[in-house]
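Observations on the three-dimensional arrangement
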Amino acid sequence: MDPLLHEGYDGFRAFVNPLVSMRARLSSEPYLLERVEHGHLIDSDGKPYIDLLAGWGTQAFGHRPAAIEAALMNFLNSRAPSFYPSGISPYAGLLASRLYQRTGYDAAFFASGGTEAVEAALKLVRGATGRPRIACVQGAYHGCTFGSVAMMQAGPYRDIFGPHLPMVDALPFGDMEALDNALADPSLAAIVLEPIQVEAGVRLPDAAYLARLCHGTGERGVLLVADEIQTGLGRTGRFLSSEDWPRRPDVITLGKALGGGLMPLSVMLTRRPIFDGVYGKFALAEAHASTFSGNALACVAGLAALDLLDDAMLADVERKGRLLREALEEFVLPSPLVKAIRGDGLMLGIELEAPDHPCYQFDYLGVPELAAQPAIGMLLVHRLYKAGYISQICGHAWQVLRVQPSLTISDDELLACAHALREALDFLWDLQ
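Residues numbered from 1 in each chain as written. Predicted model: local features only at pLDDT ≥ 70, side-chain atom pairs only at ≥ 80, totals over all residues. Heavy atoms only, no water.

In terms of nonpolar packing, the biggest core is built from 96 residues, with L328, I350, L380 and L421 touching the most fellow members. At 9 residues, helix α10 (residues 296-308) tops the list of elements feeding residues into this core. Setting aside residues up to four positions removed in sequence, L380 forms contacts with L352, L401, L421, A424, L425 and L428. If you look at the next biggest cluster of nonpolar residues, it comprises 25 residues, including V118, A121, I134 and M268. (Core = buried A, V, L, I, M, F, W, Y, C linked by side-chain atoms within 4.5 Å. Buried < 20%, exposed > 50% of the residue type's maximum accessible area, 1.4 Å probe, protein only. Helix = DSSP H or I, 4+ residues; strand = E, 2+ residues; numbered from the N terminus. Contact = heavy atoms within 4.5 Å.)

Okay, structure coming up:
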């Protein structure tokens, strides 16, 4: 391995986050990664890994996709400016135009991380409606900046940072009565919803709840915000997961794969009348801004990513999602450790249920700080590392393994993944 990379890993442990480094070592996570070959990660011992997380969704086209690299290199080899002091980036204009063609939303604000897009949406809905109250859904994960944290599921990601942004209320997941009560409040500006609550265990709202949410917000002038940072850009076989909702959301947030896996890029999309209702005066035109919003290099990556994500790829993702689901139901669901499989497209969750035996408990494993959490998910993750698969549990539901491979994964790799999961589950079952 390049000595400079070794120095960098040591520097991360010393100066960035020692506990993250400790977690990786304790779980045998393959973090000493050296290079990429054919979209897959290779560690310092030459062992390849299939990334079932797709880099938490950022590497939807595989690691270091050649088309994104080429687009960035062409830009860097040109003499085009990378930053426009006027704030008028032609690359942002090109990307916003392409997103309009794909989604129908004609107003865009670009940022770097997904949580920045969510923050832009929160400001927009209050400014557009003149109302203060925002509702989200329990189990949410919208990001870690201050407004987003106010909508976070109660727990370690949220609790110690209070008091939180006022007049932000969490509705119980799927509770129709609570939804109706929220909609009856004349101070309600918006409801923010993930099409799939990934961190809560890959949960989807049922059709009746979604219909009431869509019709109720439309009837009462409440803005509907779909946080598609984890589900958008083809993850469910559709460009937007919310395409099949009873009504189109007023605001969409996208991120992760938008930068092609090589550049940080996110966007808030809305309709022009809503946007201009807040920022349509000279004095307010830049009342929400970010220095690197719409920077050339990130937008070049975004344009190349949209080139890859054509109709043929979306149809192939839908097909692969069915193939993966069928393989998991055939090989994985029969395991006595598996309770359920749910999700959509290439965003699936495997819910686990461990026997009441000490070997499946964190305190028995020497981590009493986590005794309240189920250990079965992390045990499965550990076994998958050994088999050459990078995976992880859901942030708010440690008993659920998230399976979200790259959109470009092959059929053979999907089937091999299902077999590897069953072998790992059989090993864990035999621990008793």
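Now that the structure is up, let's keep going.
Once that is clear, we can look at the sheet that holds strand β1 (residues 33-37). Spatial strand order, β1-β2-β3-β13: 4 strands in an open sheet with mixed pairing. Pairing within the sheet leaves two strands with one partner each, and these edge strands are β1 and β13 (389-390). Where strand β2 (residues 40-43) meets strand β3 (residues 48-51), 2 bridges bridge the pair, whose relative direction is antiparallel. Pairing of L41 across the sheet is with Y49, part of β3. (Pairing = 2+ DSSP bridges.)

Another aspect to go through is the packing of aromatic side chains. Per the stated rule, a full pass over the model turns up 6 aromatic pairs. Plain terms: the ring middles of F75 and Y91 are 5.5 Å apart, the flat faces sit at 90° to each other, and that makes the pair edge-to-face. Of this pair, F75 sits in helix α3 (residues 66-76) while Y91 sits in helix α4 (residues 90-103); the two residues are 16 residues apart in sequence, bridging distant segments of the chain. For the pair formed by F75 and Y91, the shared burial category is buried. (Phe/Tyr/Trp six-rings, centres within 6.5 Å; stacked < 30°, edge-to-face > 60°.)

It is worth spelling out the pattern of salt bridges at this point. Counted by the stated rule, this structure contains 23 salt bridges. For the salt bridge of R35 with E37, the shortest nitrogen-to-oxygen distance reads 2.8 Å. A salt bridge links E351 to K339; the nearest nitrogen and oxygen atoms lie 3.9 Å apart. Placement of E351 in strand β12 (residues 347-352) and of K339 in strand β11 (residues 338-344) is noted, with a sequence separation of 12 residues between them. The network of salt bridges with common partners includes D316, R319, K320 and D411. (Salt bridge = Lys/Arg side-chain N within 4 Å of Asp/Glu carboxyl O.)

One can find E194 in the loop between β7 (188-193) and α8 (207-220). In this structure, E194 is buried with no salt-bridge partner, the nearest side chain bearing the opposite charge being R203 at 7.8 Å. From its side chain, E194 meets the backbone nitrogen of Y141 in a polar contact 3.4 Å long. Dropping the residues within four chain positions of it, E194 is found in contact with G139, A140, Y141, H142 and D227. (Lys, Arg positive; Asp, Glu negative; His and termini not counted. Polar contact = N/O pair within 3.5 Å; in protein donor to acceptor, adjacent residues only side chain to side chain.)

Here the focus is the pairing of strand β15 (residues 400-403). Here β15 shows no split at all, with V400 and R402 on one side and L401 and V403 on the other all buried. Examined bridge by bridge, β12 and β15 share 4 bridges and lie antiparallel to one another. Following the sheet pairing, E351 is matched in β15 by V400. For strand β14 (residues 392-393) and β15, the ladder comprises 2 bridges, and the chain directions are antiparallel. Residue pairing across strands places I393 opposite L401, the latter belonging to β15. Linking β14 to β15, which pair antiparallel, is a turn of 6 residues.

This part is about the packing of helix α11 (residues 311-331) against helix α13 (residues 411-429). At their nearest, the axes of α11 and α13 sit 9 Å apart, and the two run at 25° to each other. By the angle between their axes, α11 is roughly parallel relative to α13. When the axes of α11 and α13 are compared, the crossing they make is right-handed. Listed contacts from α13 to R319, K320, L323, L324, A327, L328 and F331 of α11 are D411, L414, L415, A418, H419, L421 and R422. Class assignment of the residues belonging to the contact of α11 with α13 gives a composition of 9 nonpolar, 1 polar and 4 charged. (Axes fitted to C-alpha atoms, helices over the stretch in contact; angles between N-to-C directions. Parallel < 35°, antiparallel > 145°, perpendicular 65-115°, else oblique. Left-handed = near helix turned anticlockwise from the far one by under 90°. Nonpolar A, V, L, I, M, F, W, Y, C, P; charged D, E, K, R; others polar.)

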